[in-house]
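Read off the chains here:
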Amino acid sequence: MTLEELQKRYPDTKPYFETMPEELRSRYTIRTYPPGTIIHQKEFELNYFGIVCHGDHRVINEFENGNVFMIEKNEAIDFVGEVTILAGQKRTSVTIETLTECVVFMISRADFEAWIAKDIHFLRLIAEKIAFKLYRSSYNRGAKLFYPPAFLLLDYLLKFAASQNIEKTGSILLKKTRQEIQEELGMTVKTINRTISRLKEAGLIDTCKGKITMTLEQYKKSQKEITYYVN
């Protein structure tokens, strides 16, 4: 796939390439990653920059004890390696894993550094994306620090139900494992299980073969009850 074909297939990418220096337009690769692929690993040396033109991925932090914490999920358009490079660091601080098939435009680190030195428009787009992520992270971090587990899990389920259009479907089934929920919410599996039991007792959720379910009636009840868990 050429750069021109990429922009035609994914029109939202056009603003990122419109002022790209001409000498860089032949020095790139475009890769397609299947779901579950590690694009780059924490603590590995970074020698390229990427633009995720299509697909969803997650940013995770892995620890020596084996625990994994999901920092955020991102959709296209997004970047790979921009924070490491702009921070002047050689090695990555996080791992990026694809959730769906991802199409990534890739260019060498040296060419990226030359690009942003010449292209203020492109640099501003990157700065806006980084600022938005920092804003979102700062906004949400307080909730994980100060709200009780019942609020965090219920808020997570309400957002998932809304994304699955529960108002029309009438119910949802969360197919994720306890381990996956732990990675996203930063709670232990023991705390998650205890919180699920508490929400079931309150009539806000049910389970089916170990998976969390929620009906439209429970969804509406949960919307009213969530403030209780804050207090």
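What comes next concerns the included structure. On a predicted model such as this, the values are computed, not experimentally measured, just so you know. Numbers given for residues are sequential positions, taken from 1 along each chain in its written order. Reporting in this predicted model follows two pLDDT cut-offs: at least 70 for local features of residues, and 80 or more for side-chain atom pairs to be given and counted; totals over whole chains, interfaces and linings ignore these cut-offs and use all residues. Hydrogens and waters are ignored; side-chain quantities use all the structure's heavy atoms.

The next point concerns the sheet that holds strand 8 (residues 102-108). Within a sheet, each strand pairs with its neighbour through backbone hydrogen bonds, oriented either parallel or antiparallel. Read from one edge to the other, the open sheet built from 4 strands follows the order 1-8-3-6, with strand pairing classed as antiparallel. Each having just a single partner strand, strand 1 (29-33) and strand 6 (78-80) make up the two edges of the open sheet. Averaged over all neighbouring strand pairs, the angle between strand axes comes to 30°, with direction disregarded. Whether two residues are in contact is decided by their heavy atoms: any pair within 4.5 Å suffices. To obtain each axis, a line is fitted to C-alpha atoms, and for helices this fit is confined to the stretch in contact; angles are then taken between N-to-C directions over 0 to 180 degrees. Labels follow the DSSP assignment, with helices taken as runs of H or I lasting at least four residues and strands as runs of E lasting at least two, numbered in each case from the N terminus. Across the sheet, helix 4 (residues 109-118) touches strand 3 (48-54) and strand 8, and the angle it forms with strand 8 is around 80°. Think of it this way: DSSP has to see at least two bridges between two strands before they count as a pair.

The span expected for a helix works out to 1.5 Å for each residue beyond the first. End to end, helix 9 (residues 189-201) covers 18 Å across 13 residues, agreeing with the expected 18 Å (1.5 Å per residue, within 8%). The buried label applies to any residue whose accessible area, calculated with a 1.4 Å probe on protein chains only, is under 20% of its type's maximum; exposed applies above 50%, and partly exposed to all values in between. Those residues of helix 9 that fall on the buried side of the exposure criterion are Thr191, Ile192, Thr195, Ile196 and Leu199. Looking down the long axis of helix 9, one finds its buried residues gathered within 135° of arc, a one-sided arrangement. Exposed residues lying more than 90 degrees from the buried face of helix 9 are Lys190 and Glu201. What the arc describes is the spread of directions from the helix axis to the C-beta atoms.

With that out of the way, let us pick up unusual backbone geometry. Trans peptide bonds make up most of the peptide bonds, and negative phi angles are found at most residues other than glycine. At the junction of Ala76 and Ile77, the peptide bond is cis and its omega measures out at 10° in the coordinates. Along the polypeptide, Ile77 turns up in the loop between strand 5 (68-75) and strand 6. The phi angle at Glu43 is positive, at roughly 75°, despite the residue not being glycine. Along the polypeptide, Glu43 turns up in the loop between strand 2 (38-40) and strand 3.

Buried Ala, Val, Leu, Ile, Met, Phe, Trp, Tyr and Cys residues that are joined via side-chain atoms within 4.5 Å together make up what is termed a nonpolar core. By size, the foremost hydrophobic cluster in this structure holds 35 residues, and its most contacted members are Phe17, Phe49, Ile51, Phe105, Trp115 and Phe122. The set of elements that each furnish at least two residues to this core consists of helix 1 (3-9), helix 2 (14-17), strand 3, strand 6, strand 8, helix 4 and helix 5 (120-146). It is strand 8 that provides the largest number of residues to this core, a total of 6 residues. The contact partners of Phe49, leaving out residues within four places of it in the chain, are Phe79, Val80, Glu82, Ile85, Phe105, Met106, Ile107, Ser108, Arg109, Phe112, Phe122 and Ile126. Leu157, Ile172, Met187 and Ile226 belong to the second largest nonpolar core, which has 25 residues in total.

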